[in-house]
Amino acid sequence: MGTRREPTARQLRLATELRRLRDAAGLTAREAAKLLGVSNVQISQIEAGLSGVSEQRLRRLASLYACTDEEFIDALVAMATDRTRGWWEEYRGLLPTPFLDLAELDYHGRFQRNVAILFVPGLLQTEAYARAVYATRVPELTEEQLELRVRHRMARRVIIEGPSPVPLDAVIHEAALRIMVGTRAAARAQLAHILELSDAAHITVQVIPFEQEGFAWGSSSMAYVGGNVAKLDTVIRDGPTGALYIDAESQLDTYRARFRRVQTLALDPERSRDLIGRLAKEL
């Protein structure tokens, strides 16, 4: 297999999991290479995501590392052998790589959980709302850059609005619903869009009202994407230098607990719809 110049986030995740398996087995890269009958460079490239790995070699590595979790191994094989060229590929070279990584993660996810504090989650945004969000970006985007980002964000919605939608649980703070992004008409249309989507059986929207006590400690946005197995779940947090992908098992457990806690603080779906409806009438 050829060497990659820029591995995707999914390819890097596979590489990370293989390195974790080796570390858990107490083997050095040199020892693993010797057992597999390959060079140290090959192991290093696989564990850096710079080189692919065949199903046969991956299963051999799992055996050498004494990994007996067949469901997990099968999930890693699926990652290693996937040749999907999704809709996001049309943006390669036009948008920064993280946009493509996020769309690929969406595509392979089994479910999504969002916590939103200041902005409506991207998957629930209307075109006008998304355009207003990107229009306020610093440094300012060119018209072409803005349009590409809006088109990409709208295309991402296929995972919840397309023929094979994935479950989405969204917890949105009242602040995100009240902050005026764009025009008043756009804000009203955005709330109407959320109400329409929340009618779908696979979408649950809950709102945390301003008066809710005990929420301050959890006041941070996140997107949680479910993998084929729980070990391959991913949390995405926005940072000052871009998106941060979190996948360590201990951290995933923490974010699962955080989401459950935030859900308990939010209004139930019906009362959330009532609140969103009242906010829309105020506009």
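Quick caveat, the model's predicted, so the values are computed rather than measured.

**Points about the packing of helix α6 (residues 97-108) against helix α8 (residues 143-156)**
Point 1. Between α6 and α8, the shortest axis-to-axis distance is 11 Å and the interhelical angle comes to 10 degrees. If you check the angle between α6 and α8, you find them roughly parallel. Every residue of α8 that contacts α6 at F99, L100, L102, A103 and D106 is listed here: R149, H152 and R156.
Point 2. Of the residues assigned to the contact of α6 with α8, the class counts are 4 nonpolar, 1 polar and 3 charged.

**Notes on unusual backbone geometry**
Glycine aside, the phi torsion of most residues is negative, and most peptide linkages are trans.
Point 1. Its identity is not glycine, yet A66 carries a phi of approximately 60 degrees, on the positive side.
Point 2. Looking at the secondary structure, you find A66 in the loop between α4 (55-64) and α5 (70-81).

**Details of the side chain of S272**
Point 1. Positionally, S272 belongs in helix α13 (residues 269-282).
Point 2. Aside from chain neighbours lying at most four places away, what touches S272 is V205, Q206, V207 and L267.

**Description of the pairing of strand β3 (residues 203-208)**
Point 1. In terms of residue burial, β3 counts as a mostly covered element, since 5 of its 6 residues are buried.
Point 2. Alignment of strand β2 (residues 168-173) against β3, held across 6 bridges, turns out to be parallel. Residue pairing in the sheet places I172 in a bridge with V207 of β3.

**Topic: the packing of aromatic side chains**
Point 1. Throughout the structure, instances matching the rule amount to 4 aromatic pairs.
Point 2. Both rings, one in W87 and one in Y91, keep their centres 6.0 Å apart while their planes meet at 90 degrees; by these two values the pair is edge-to-face.
Point 3. The class for W87 is partly exposed, based on a relative accessible area of 24%.
Point 4. Accessibility expressed as a relative area gives 3% for Y91, which makes it buried.
Point 5. Judged by centre distance (6.2 Å) and plane angle (10 degrees), the ring pair of F111 and Y224 falls under stacked. Separated by 113 residues along the polypeptide, F111 in the loop between α6 and β1 (112-116) and Y224 in strand β4 (residues 222-225) bring together distant segments of the chain.
Point 6. Judged by relative accessible area, F111 falls into the buried class, the value being 14%.

**What about the confidence of the model for the protein?**
Point 1. The share of residues in the protein with pLDDT of 70 or more is 96%, and the mean pLDDT across the chain is 94.
Point 2. Across the protein, the element-wise mean pLDDT spans from 86 in strand β6 (residues 242-246) up to 98 in β3.

**Overview of the nonpolar core**
Grouped burial of nonpolar side chains is what soluble globular proteins tend to show.
Point 1. Formed by 28 residues in total, the largest nonpolar core has its most connected members in L124, I160, I172, L177, I194, V205 and I276.
Point 2. Contributions of two or more residues to this core are made by α7 (127-135), α9 (158-161), β2, α10 (174-178), α11 (184-197), β3 and α13.
Point 3. Not counting residues within four places of it along the chain, the set of residues in contact with L177 comprises V120, I172, L191, I194, V207, I276 and L279.

**Thoughts on the environment of E282**
Point 1. You can see E282 is positioned in helix α13.
Point 2. The exposure class assigned to E282 is exposed, which follows from its relative accessible area of 51%.
Point 3. Considering only alpha carbons, one finds E282 and D74, 208 residues apart in sequence, at a separation of 52 Å.

**Digging into a nonpolar patch on the surface**
Point 1. On the surface, a nonpolar cluster with roughly 260 Å² of combined accessible area is contributed by L118, F119 and I179.
Point 2. Secondary-structure assignment places I179 in the loop between α10 and α11.
Point 3. On the basis of relative accessible area, I179 is assigned to the partly exposed category, the value being 36%.

**Considering the pattern of salt bridges**
Point 1. This structure, assessed with the given rule, holds 21 salt bridges.
Point 2. Close ionic contact of E47 with R22 constitutes a salt bridge, the shortest N to O distance being 2.6 Å. Placement of E47 in helix α3 (residues 40-47) and of R22 in helix α1 (residues 9-25) is noted, with a sequence separation of 25 residues between them.
Point 3. Residue classification places E47 among the buried residues on the basis of a relative accessible area of 10%.
Point 4. In this structure, the salt-bridge partner of E89 is R92, at a minimum N-O distance of 2.7 Å.
Point 5. Since its relative accessible area comes to 40%, R92 is described here as partly exposed.
Point 6. Because the salt bridges share partners, they merge into one network encompassing R13, E17, R20 and D247.

Thresholds applied
Residues numbered from 1 in each chain as written. Predicted model: local features only at pLDDT ≥ 70, side-chain atom pairs only at ≥ 80, totals over all residues. Heavy atoms only, no water. Axes fitted to C-alpha atoms, helices over the stretch in contact; angles between N-to-C directions. Helix = DSSP H or I, 4+ residues; strand = E, 2+ residues; numbered from the N terminus. Parallel < 35°, antiparallel > 145°, perpendicular 65-115°, else oblique. Contact = heavy atoms within 4.5 Å. Nonpolar A, V, L, I, M, F, W, Y, C, P; charged D, E, K, R; others polar. Buried < 20%, exposed > 50% of the residue type's maximum accessible area, 1.4 Å probe, protein only. Pairing = 2+ DSSP bridges. Phe/Tyr/Trp six-rings, centres within 6.5 Å; stacked < 30°, edge-to-face > 60°. pLDDT = per-residue confidence, 0-100. Core = buried A, V, L, I, M, F, W, Y, C linked by side-chain atoms within 4.5 Å. Patch = residues over 30% accessible without salt bridge, like charges linked within 9 Å, V, L, I, M, F, W, Y side chains within 5 Å. Areas by Shrake-Rupley, 256 points an atom, 1.4 Å probe, with all protein chains shown as cover. Salt bridge = Lys/Arg side-chain N within 4 Å of Asp/Glu carboxyl O.

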